[in-house]
Amino acid sequence: MKFIVLLIIAYLLGSIPSGVWIGKLFFKKDIRLFGSGNTGTTNTFRVLGKKAGITVLLMDILKGTLATSLPLLFSLNVNPLVFGVAAVLGHTFPFFANFKGGKAVATSAGMILAYSPTFFVYSALIFIITLYITSMVSLTSMVSAVLITLSTIIIPFAIPQILPRFDWLLTLIAVALTIFIFVRHKDNIKRIKEGTESRVSFGLGAKNSK
């Protein structure tokens, strides 16, 4: 019973539509009606600006972290990743926003943070370096997902200080999230091929590629 209740709480935590609530509360805007229409961090940056974008990023990461920490907080002997996945599903199909949510990147990062802070730092560095090279958030999300998934297999054996042990559930979830991220970015993939995908300036604005 405790497992089911906490799983529902994890899903509801993930369902908090940070971008929508921040936009409506402080900017009187529904970000679903602007930009890409997505409720996540990237569209928040574009539509509402840097402060709102950073706030939504931190909130979305926190959702994943809190949900994944529930077994520890309530002394439940279950792999915490199960609850992290519930939060990711909540973020993607949010109860509080008509089941239309974001692309799960930030909430997945929050899940990793709770599971292994050192692996979170490692994964964040992969994302930051890839973003600097590509200057496209969409491409960075996809490339990082692939690299992080491979790392869940390689790092426990090559550099156990970062990720001490191989966890098949972590790898399975990483594979599933990678596939999901690619599916959710299908429109971005098309724009990347056409050379029209938005690029990030490192003042955190965006511009279209030529």
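Numbers given for residues are sequential positions, taken from 1 along each chain in its written order. Local features in a predicted model are, by the rule used here, given only for residues with pLDDT of at least 70; side-chain atom pairs are given and counted only at 80 or more, and totals for whole chains, interfaces and linings are based on all residues. Computation of side-chain values: all heavy atoms of the structure, hydrogens and water removed.

Going by what an unreviewed UniProt entry lists, the protein chain is known as Glycerol-3-phosphate acyltransferase and is assigned to Candidatus Enterococcus dunnyi. UniProt positions are given in the numbering used here, feature names are shortened, and annotations may be inferred rather than shown by experiment. As recorded by UniProt, the Catalytic activity (unreviewed entry) comment attached to the protein chain reads in full: "an acyl phosphate + sn-glycerol 3-phosphate = a 1-acyl-sn-glycero-3-phosphate + phosphate". Per UniProt, the comment on the protein chain under Subcellular location (unreviewed entry) is "Cell membrane".

Trainee: Explain the domain arrangement of the protein chain to me, using residue names and the numbers behind them.
Mentor: Note that domain bounds follow an automatic or database assignment of domains. Here the protein chain is partitioned into domain 1 (1–115) and domain 2 (116–209). Taking the mean C-alpha position of each, domain 1 and domain 2 sit 18 Å from one another. At the interface, 24 residues of domain 1 touch 25 residues of domain 2. Summed over both partners, the accessible surface that disappears when two parts come together, traced with a 1.4 Å probe, is what is meant by buried area. Its largest share of buried area at the contact with domain 2, domain 1 owes to Lys103, Ile112 and Tyr115, together 34% of the area lost on that side. Working rule for contacts: check all heavy atoms of both residues, and any pair within 4.5 Å makes them a contact.

Trainee: Before we move on, can you summarise the side chain of Thr171 with the specific residues and values?
Mentor: By definition, any uninterrupted DSSP run of H or I lasting at least four residues is a helix, any uninterrupted run of E lasting at least two residues is a strand, and each is numbered from the N terminus. Among the secondary structure elements, Thr171 is positioned in helix α9 (residues 168–184). Three exposure classes are used, based on accessible area relative to the maximum for each residue type with a 1.4 Å probe and protein chains only: buried under 20%, partly exposed in between, and exposed over 50%. When its relative accessible area of 10% is taken as the criterion, Thr171 is described as buried. Identification of polar contacts relies on pairs of N or O atoms within 3.5 Å, with a donor-acceptor requirement for protein atoms, meaning one able to donate a hydrogen and the other able to accept it, and with residues adjacent in sequence counted only if both atoms are side-chain atoms. A polar contact of 3.0 Å, which involves the side chain of Thr171, links it to the side chain of Thr152. Non-local contacts of Thr171, meaning those with residues more than four positions away in its chain, are made with Thr152, Ile153 and Phe166.

Trainee: Could you give an account of the packing of aromatic side chains, with specific residues and numbers?
Mentor: Geometry of aromatic contacts follows a simple scheme: Phe, Tyr and Trp rings, the Trp one being its six-membered ring, pair when their centres are within 6.5 Å, and the pair is stacked under 30 degrees between planes, edge-to-face over 60, tilted otherwise. One pass over the full model with this rule turns up 7 aromatic pairs. Ring centres 6.5 Å apart and planes at 65 degrees place the aromatic pair Phe93 and Phe180 in the edge-to-face group. On the criterion of sequence distance, the pair formed by Phe93 in the loop between α5 (81–92) and α6 (105–115) and Phe180 in helix α9 is long-range, its members being 87 residues apart. In this structure Phe93 comes out as partly exposed when scored by relative accessible area, which is 38%. Geometrically, the ring pair formed by Phe119 and Tyr122 is stacked, given 5.6 Å between the ring centres and 20 degrees between the ring planes. In this pair, Phe119 and Tyr122 both sit in helix α7 (residues 117–134), 3 residues apart, roughly one turn of the helix. Given a relative accessible area of 0%, Phe119 falls into the buried group. One aromatic cluster in this structure is built from Trp21, Phe95, Phe96 and Phe99. Whether a charge sits over a ring depends on NZ of Lys or CZ of Arg being within 6 Å of the ring centre and within 35 degrees of the ring normal. Over the face of the ring belonging to Phe34 we find Lys29, whose NZ or CZ atom lies 5.0 Å from the ring centre.

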